[in-house]
Amino acid sequence: MSEGSIFDEMWGQDQALRDPYSEFQTWFEEQDPKRLRVKQREADELFRLTGITFNVYGRQEAEERLIPFDIVPRIISAREWLKLSKGIEQRVRAINAFLGDIYGRQEIIKAGRIPVEMIARNEAFLPQMIGVKPAGGVYTHIVGIDLVRTADNEFYVLEDNARTPSGVSYMLENRETMLQMFPELFARTSVQPVSNYPSDLRRSLGACAPDATDGPPTVAVLTPGIYNSAYFEHAFLADQMGAELVEGHDLRVVDGRVAMRTTRGFQPIDVLYRRVDDDFLDPLNFNPDSQLGVPGIMDVYRAGGITIANAPGTGVADDKAVYSYMPEIVEFYTGERPILENVPTWRCSEPESLAYVLDNLADLVVKEVHGSGGYGMLIGPTATKKDIAEFRKKLQSRPGNYIAQPTLSLSTVPIFTNKGLAPRHVDLRPFVLVSPEGINITPGGLTRVALQKGSLVVNSSQGGGTKDTWVLED
Amino acid sequence: MRLKIRHATRYQFAEPVIYGLQQLRKTPKTGHQQEVISWSTHVEGGQKEVTFEDNHHNVVELISIDRDATQVTVISEGEVEIEGSSGIVGRHPGPSPLWLYERDTPLTKFGPGCRALAREADGGTDLEKLHALSEVIRDAVKYEVGASHPDWTAEEAVAEGVGVCQDHSHIFLACARHLGYPARYVSGYLMMNDRVDQDATHAWAEAHVDGLGWVGFDISNGYSPDERYVRVATGLDYTEAAPVIGTRFGGAHEALDVQIQVAQQ
Amino acid sequence: MLGKTANGLYWMFRYLERAENTSRLIETGLRMSITRSGATEWGSVMQTAGVLSGYTAHYGEEVVQEQAINWMLRDKENPSSVLSAISEARQNARMVRTALTHDVWEAINACFMNAKDLMGRKVSERDLPGVLKSVRQRTALVRGATHGTMMRNDVYDFARIGTFLERGDNTARILDVKYYVLLPSVFAVGSTIDNVQWDSILQSVSAKGGYRMVYGSQPNARDIAHFLVLDKRMPRSLNFCVSKIRDNLGYLASDYDTRMPVHDLADKLAQRLSMHDIDEIFDFGLHEYIQTVLTALGELGGQIEQDYRFYV
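Within each chain, residue numbers correspond to sequence positions counted from 1 in written order. Chain A is the first chain written and ligand 1 is the first ligand written, with later ones labelled in order. Totals for whole chains, interfaces and linings use every residue, but because this is a predicted model, local features are given only for residues with pLDDT of at least 70 and side-chain atom pairs only at 80 or more, for both listing and counting. Hydrogen atoms and water are omitted, and side-chain values are computed over all heavy atoms in the structure.

### Side note on the overall build of chain B
In DSSP terms, a helix is any run of H or I states spanning at least four residues, a strand is any run of E spanning at least two, and both are numbered starting from the N terminus. Looking only at helices and strands, one finds 5 helices and 16 strands in chain B. Computed over the C-alpha atoms, the radius of gyration of chain B is 18 Å, within 12% of the 18 Å expected from 2.2 N^0.38 for a compact globule of 265 residues. Across its three principal axes, chain B shows a C-alpha extent of roughly 60 × 40 × 40 Å. When burial is assessed residue by residue, chain B has 54% of its 265 residues classed as buried. Put simply, of all contacts in chain B between residues at least 6 apart along the chain, 75% involve residues at least 24 apart. Residue-level accessible areas treat just the shown protein chains as cover; the underlying method is Shrake-Rupley with a 1.4 Å probe. Summed over its atoms, the accessible surface of chain B is roughly 11100 Å², and 46% of this surface lies on carbon and sulfur atoms. A residue counts as positive if it is Lys or Arg and as negative if it is Asp or Glu; His and the chain ends are not included. Where a charge sits is defined by one atom per residue type, namely NZ (Lys), CZ (Arg), CG (Asp) or CD (Glu). Computing the positive centroid from 23 side-chain charges and the negative centroid from 39, chain B places the two 2 Å apart. C-alpha atoms define the radius of gyration, and 2.2 Å times the number of residues to the power 0.38 defines the globule rule. Working definition: with a 1.4 Å probe on protein chains only, accessible area under 20% of the residue-type maximum means buried, over 50% means exposed, and in between means partly exposed. Note on contacts: a residue pair qualifies if any of its non-hydrogen atoms lie within 4.5 Å across the two residues.

Structure follows, in structure tokens:
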């Protein structure tokens, strides 16, 4: 792990323009900053008109917000991407094998490579999935792997998103917006396209259709509804795939299948890309109070009448405590050394680690095992003494609920401000599709950027923005 | 022993059903000392949607209730051959790992009431200890038909001091798991020697003992289940082994009529 | 198409039409309040818009112009206020977004954002005409994008059915509230008061120009009634609206290859409107006639919901 100065993806560690950005830099120098400012505003207006918004949880339409978009692309060379994509593919393969094993014979536990408590105490573990064989053997049809970079050749996996990773619509719209605003920039640079994602997703899901499918597979997207924070994305993906966008009350069990209510009666669905959490998926089998799900869908699923993507119970693989075992998991199932590195992680459930973490709170990042969205975490170096003291109490009362990691010095990429370019910290979420036909990784992914100077929090719910992500052609 | 079983459940609704589903766990298990010779499920006022085996090897049938139906009848019947085994069911083949049965559930949460009972369960061997536990529970919680509520937890039944087989089994599960034994709920049929018509399905518990595998305990009767016991469904508690779980829209004010006949062939 | 989607399209366009109609009614009310000092007119304007009972529940029996305008224009408590109707239209559009073209979605989204900007705060009487005009321009853009970019399939049919049911309902309610100024006993009088009333009826369906084209500049009650009930060319007449509904239901029947009970209802209603001439209607009783049409439109709406599985 590199110490000291921060790695900027455009200017490196020593203010020398890095290769992938050379063409962009030339173009940028030619631009009138005033015109760029106009363009920046145009981009915002474009997003607003298109309605690319996210809803703040628990509120209604008045609270639709835009995720700020920055016009400076984040650029990755073909060579860098090759290594990343190999590592991602290896990791995703391992996650899928891990899920098959955990809901099957649990060889990895028998082999003593991970302790049984990792699963037994894991809230995302779904006993109802034991013995279920999903169509095509695929558990995680769609995965998002969160990466951070700390130096020229140092990438770390920060988090695996094996449930319902979101943000892919921003990846697509960001590119679309850049193409509309700066066509000349794309004429002089060869950027690998991302626009195939919706059709790839459609094909990938279709390839996982269950045996009960009659004719070309019918795919639908299940959304919790228009008040959900990611509703825009659900509608966007359904639209782009040419699939129906359904809610729980559009569906019911008919003739042994899950069918949607159409103007011409009920029509069976073969593959359901659900953006509803496990607990809410089926009030008959899980949370009986759920209004969002479909009673009996798990029964139909277990009888092989529908494919649910991602499979229920995949969250067991993206828990932050399980994350700390990912190097072992990758080795166990692939027989290879992991290509991508994990961030060193202290499991606070282990007394020695806890002692270390308590002694070094001011230098560490402490996260909830099941948390997400940047909530419920402590960033030691930027926290006040009072924050640390309060967090110490929480940590001591429920150590098993936390893991800790060193504070990484995340790379920066410039953003465009009124005063010109200014470095800001970024992360990267590439999107991965899994089907029996293979693993497909869209070149690039979603770059999230912390807009405040020095901030490390890139989450959109906490003021982060996004950038177009370029992977250059070889 | 060969038993002939007929289990008819009839729900009547004061208002027509708009849409409804029932998940049935009524088919006896095949395996261990038990073989299903023939079995069939017949539905009136609804239709079978799917059948599958769940993670406890239970045969589950999902049925939908016909639109506008005011009653739905499910008749499950067939013959089962059983060998006596003095309560020992045998080794655990999966698919769920044994550690799953160490989990408590909302209905079998271990609390002070169960703790007091578990403390009294003395015995040299595992089996002695579990038999003692069964007896302690039967003494402390009086068997009384209709005295308890179906959604009582183990702790509530201990506190009230009365219960039915479901409550006895839940208390046993809470205590046995606390004592370190994987344990599970069993719902099924019991042939009472003096009659053919039964009041209800029966429930008992099984604990896993090293070297023996699963061992059954009928806490309410103080027996080890023998060839008069038909194992139908197992789970971590009642909710996972219940003969019927349902959900519906419309069809308010249901009335339930259950007829169970168990007879030796 | 999902039943829910048909439902969303139908209501999106009903609400869009409602926003437009209500804004037109406010304009009419405003015009009348200038020509005659009549707070009483706002009562009948609100009655026409179907929002009077809500108003009195909220503000009491006394009708005050400023409150009446605010209630009809932008009050969130009034689900049919112009602002509420536009929000509802846009919310439904969000729900059926996959059925809409990009152009239609952008137009309705822009219409909503514009409405929120203009009506987010209280609108002064001076700004009111400009705001109302802007609302109608924006809704016209949505309609234009719909005409220009949408496939003529079931999506379009449900959008059109919603539009014309709302519009027919609106015209019928205008006639229902104002029928007495069109009755023969009254039109013999020909006072200036009636002239203002007739004018306002025509204005509230944007038909002054159309009427002049057909009948000349001197309005009379019989012709106005004929124009609003039976005329086949006038895009807001009952006859026109019902025949459009029937056409679009007909396209659905041939698309889906199935006639539903609603088709019989629509046929019956269309027949009723084409069989009569206006004198027969006066003989039958204009008020009773309008009442039967209103009831029939309500039944039609209910039957469409059932036949095309909007909810269950």
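### Some points on the overall build of chain C
Looking only at helices and strands, one finds 16 helices and 0 strands in chain C. Here chain C has a C-alpha radius of gyration of 19 Å; the compact-globule value for 312 residues is 20 Å, and the two agree. Projecting the C-alpha coordinates of chain C onto the three principal axes gives extents of approximately 55 × 50 × 35 Å. The buried share of chain C, taken over its 312 residues, is 58%. Total accessible area on chain C is roughly 12900 Å²; 50% of this is exposed by carbon and sulfur atoms.

### Looking at the environment of Ser461(A)
With respect to the secondary-structure elements, Ser461(A) resides in the loop between strand E22 (446-450) and strand E23 (464-471). Separated by 30 residues in sequence, Ser461(A) and Phe431(A) place their C-alpha atoms 20 Å apart.

### Quick look at the sheet that holds strand E12 (residues 202-209) of chain B
Residues and elements named next belong to chain B. Should DSSP find at least two bridges between two strands, the strands are regarded as paired. Sheet architecture is open: 5 strands sit in the order E7-E13-E12-E10-E14, paired in antiparallel fashion. Of all the strands in the sheet, just strand E7 (88-90) and strand E14 (229-235) have a single pairing partner and so form its edges. Strand-to-strand twist in this sheet, taken as the mean axis angle between neighbours without regard to direction, amounts to 35°. Two elements, strand E10 (residues 183-190) and E14, share 6 bridges in a ladder whose sense is antiparallel. In the sheet register, Gly188 faces E14, and the bridge partner there is Arg231. Fitted lines through C-alpha atoms give the axes, limited to the stretch in contact for helices. The angle between two N-to-C directions lies from 0 to 180 degrees. Contacts between helix H2 (residues 126-140) and the sheet are confined to E12 and strand E13 (213-217), with E13 contributing the most and set at about 30° to the helix.

### Quick notes on the confidence of the model for chain C
For residues with low pLDDT, the predicted coordinates do not support detailed interpretation. Per residue, pLDDT captures the predictor's confidence, and it can take any value from 0 to 100. The pLDDT averaged across chain C works out to 91; a share of 95% of its residues lies at or above 70. By mean pLDDT, helix H9 (residues 184-187) of chain C is the weakest element of chain C at 57, and helix H13 (residues 238-256) of chain C is the strongest at 97.

### Quick word on the pattern of salt bridges
Basic side-chain nitrogens of Lys or Arg form a salt bridge, by our definition, when they fall within 4 Å of a carboxyl oxygen of Asp or Glu. Following the criterion strictly, the structure yields 57 salt bridges over all chains and no others. The salt bridge involving Asp270(A) is made with Arg257(A); its shortest N-O contact spans 2.6 Å. One end of the pair, Asp270(A), is in the loop between strand E10 (265-268) and strand E11 (271-274); the other, Arg257(A), is in strand E9 (residues 257-262), with 13 residues separating them in the sequence. Between Lys48(B) and Glu61(B) there is a salt bridge whose closest N-O contact spans 3.8 Å.

### Thoughts on empty space enclosed by the protein
Residues and elements named next belong to chain B. The method works on a 1 Å grid over the protein atoms by themselves. A cavity is a set of points holding a 1.4 Å probe that cannot get out, a pocket is an open set with protein on both sides within 12 Å along at least five of seven lines, and residues with an atom within 4 Å of a point line them. Grid points are joined across faces, edges and corners, and a volume is the space filled by probe spheres set on the points. Summed over the entire model, instances satisfying the criterion amount to 6 cavities of 30 Å³ or more. Reported here for the largest cavity is a volume of approximately 140 Å³. Elements that contribute at least two residues to the lining of the largest cavity include exactly E7, E12 and E14. Tallied by class, residues from the lining of the largest cavity come to 6 nonpolar, 6 polar and 4 charged. Each domain's extent is set by a domain assignment, obtained either automatically or from a database. For the lining of the largest cavity, the two domains that each supply at least three residues are domain 1 (2-82 + 243-264) and domain 2 (88-241). One number sums up the size of the second largest cavity: a volume of about 90 Å³. Under the scheme applied, nonpolar residues are Ala, Val, Leu, Ile, Met, Phe, Trp, Tyr, Cys and Pro; charged residues are Asp, Glu, Lys and Arg; polar residues are all the others, including Gly.

### Regarding a negative patch on the surface
Patch building starts from residues that exceed 30% relative accessible area and form no salt bridge, then joins like charges within 9 Å and nonpolar side chains (Val, Leu, Ile, Met, Phe, Trp, Tyr) within 5 Å. Taken together, the side chains of Glu120(B), Asp122(B), Glu135(B) and Asp139(B) define an acidic patch exposed on the protein surface. You can see Asp139(B) is positioned in helix H2.

### Details of the layout of surface pockets
Residue and element names in this part refer to chain B. There is about 1200 Å³ of room inside the second largest pocket. As for the second largest pocket, its lining consists of 47 residues, and the residues nearest its centre are Gln166, Asp199, Ala200, Thr201 and Tyr238. Elements with a contribution of two residues or more to the lining of the second largest pocket: strand E1 (2-13), strand E2 (17-27), helix H4 (165-178), E10, E12, strand E15 (244-250) and strand E16 (254-264). Structurally, the lining of the second largest pocket is a two-domain feature, drawing no fewer than three residues from each of domain 1 (2-82 + 243-264) and domain 2 (88-241).

### With respect to helix H12 (residues 221-229) of chain C
Residues and elements named next belong to chain C. Within H12, 7 of the 9 residues are buried, which leaves the element mostly enclosed by the surrounding structure. Every buried residue of H12 is accounted for by Ala221, Asp223, Ile224, Ala225, Phe227, Leu228 and Val229. In protein, a polar contact requires one atom able to donate a hydrogen and another able to accept it; more generally it is a pair of N or O atoms within 3.5 Å, and residues adjacent in sequence count only if both atoms are side-chain atoms. Two or three places before Arg222, at the start of H12, stands the capping residue Asn220, its side-chain oxygen 3.1 Å from that residue's backbone nitrogen.

### Describing the pairing of strand E21 (residues 438-441) of chain A
All names here are of chain A. Side chains Ile439 and Ile441 of E21 all project onto a buried face; the interleaved residues Gly438 and Asn440 project onto a face where none is buried. Where strand E20 (residues 431-435) meets E21, 4 bridges bridge the pair, whose relative direction is antiparallel. Within E21, the position partnered with Val432 by the bridge is Ile441. Where E20 folds back on E21, the antiparallel hairpin that results is connected by 2 residues.

### Quick word on the nonpolar core
By nonpolar core is meant a set of buried Ala, Val, Leu, Ile, Met, Phe, Trp, Tyr and Cys residues that side-chain atoms within 4.5 Å join together. Membership of the largest hydrophobic core comes to 160 residues, with the highest contact counts inside it found for Tyr197(A), Met119(C), Phe158(C), Leu182(C) and Val229(C). For this core, the leading source of residues is helix H1 (residues 3-35) of chain C, giving 12 residues. The residues contacting Val229(C), other than those within four sequence positions of it, are Leu175(C), Ser237(C), Leu238(C), Asn239(C), Leu273(C), Ile278(C), Ile281(C), Tyr289(C) and Ile290(C). Judged by nonpolar contacts, the second largest core, of 86 residues, contains Val138(A), Tyr301(A), Tyr323(A) and Val50(B).

### Some remarks on the interface of chain A and chain C
With 28 residues of chain A at the interface, the matching set in chain C holds 28 residues. Taken together, both faces of the contact between chain A and chain C bury some 2500 Å²; the carbon and sulfur share is 48%. Our enumeration of links across chain A and chain C arrives at 15 residue pairs in polar contact (both at pLDDT 80 or more). Residue assignment for the side of chain A that touches chain C shows that the elements contributing at least two residues are helix H2 (33-50), strand E1 (53-55), helix H9 (231-241), strand E7 (244-246), E9 and E10 of chain A. Looking at the side of chain A that touches chain C, the element that brings in the most residues is H9(A), giving 5 residues. Here the side of chain A that touches chain C is composed, by residue class, of 11 nonpolar, 8 polar and 9 charged. Summed over both partners, the accessible surface that disappears when two parts come together, traced with a 1.4 Å probe, is what is meant by buried area.

### Looking at the sheet that holds E2(B)
All names here are of chain B. Reading across from one edge, E4-E5-E2-E15 is the order of the 4 strands in this open sheet, with antiparallel pairing throughout. Each having just a single partner strand, strand E4 (46-53) and E15 make up the two edges of the open sheet. The average angle at which neighbouring strand axes cross in this sheet is 15°, direction not considered. Two elements, E2 and strand E5 (residues 59-65), share 6 bridges in a ladder whose sense is antiparallel. Bridging across to E5, Leu21 finds its partner in Ser64.

### Some words on helix H14 (residues 261-275) of chain C
All names here are of chain C. Multiplying 1.5 Å by the residue count of a helix minus one yields the expected span of that helix. The end-to-end C-alpha distance of H14, which contains 15 residues, comes to 22 Å, matching closely the 21 Å that a straight helix rising 1.5 Å per residue would cover. Here H14 has its buried residues at Val262, His263, Ala266, Leu269, Ala270 and Leu273. For H14, the buried positions fall inside an angular range of 130° around the axis, keeping them on one side. Opposite the buried face of H14, at more than 90 degrees from it, the exposed residues are Lys268 and Met275. Directions are taken from the helix axis to each C-beta atom, and the arc is the one they span.

### A closer look at the UniProt feature "domain: Transglutaminase-like" (unreviewed entry) in chain B
UniProt positions are given in the numbering used here, feature names are shortened, and annotations may be inferred rather than shown by experiment. Mapped onto the present numbering, the UniProt feature "domain: Transglutaminase-like" (unreviewed entry) falls on residues 157-221 of chain B. The span residues 157-221 of chain B carries 28% helix and 38% strand; its end-to-end C-alpha distance comes to 17 Å.

### Notes on the environment of Met298(A)
All names here are of chain A. Examined against the element boundaries, Met298 turns out to sit in helix H11 (residues 297-302). The class of Met298 is buried, set by a relative accessible area of 0%. C-alpha separation for the pair Met298 and Asn285, spaced 13 residues apart in sequence, amounts to 6.9 Å. Ignoring anything within four residues of it in the chain, the contact list for Met298 reads Gln128, Met129, Asp282, Asn285, Phe286 and Pro312.

### Re the domain arrangement of chain C
Quite often, the size of an interface is put as the accessible area lost when its parts meet. Residue and element names in this part refer to chain C. Each assigned domain of chain C is listed here: domain 1 (1-150) and domain 2 (152-312). The interface of domain 1 with domain 2 comprises 33 residues on the first partner and 36 residues on the second. Connecting domain 1 to domain 2 are 5 salt bridges. Linking domain 1 with domain 2 are 12 residue pairs in polar contact (both at pLDDT 80 or more), by the criterion used here. Among the elements of the structure, H1, helix H2 (39-49) and helix H7 (128-149) are those that each provide at least two residues to the side of domain 1 that touches domain 2. At 20 residues, H1 tops the list of elements feeding residues into the side of domain 1 that touches domain 2. Of the residues contributing to the side of domain 1 that touches domain 2, the split by class is 11 nonpolar, 11 polar and 11 charged.

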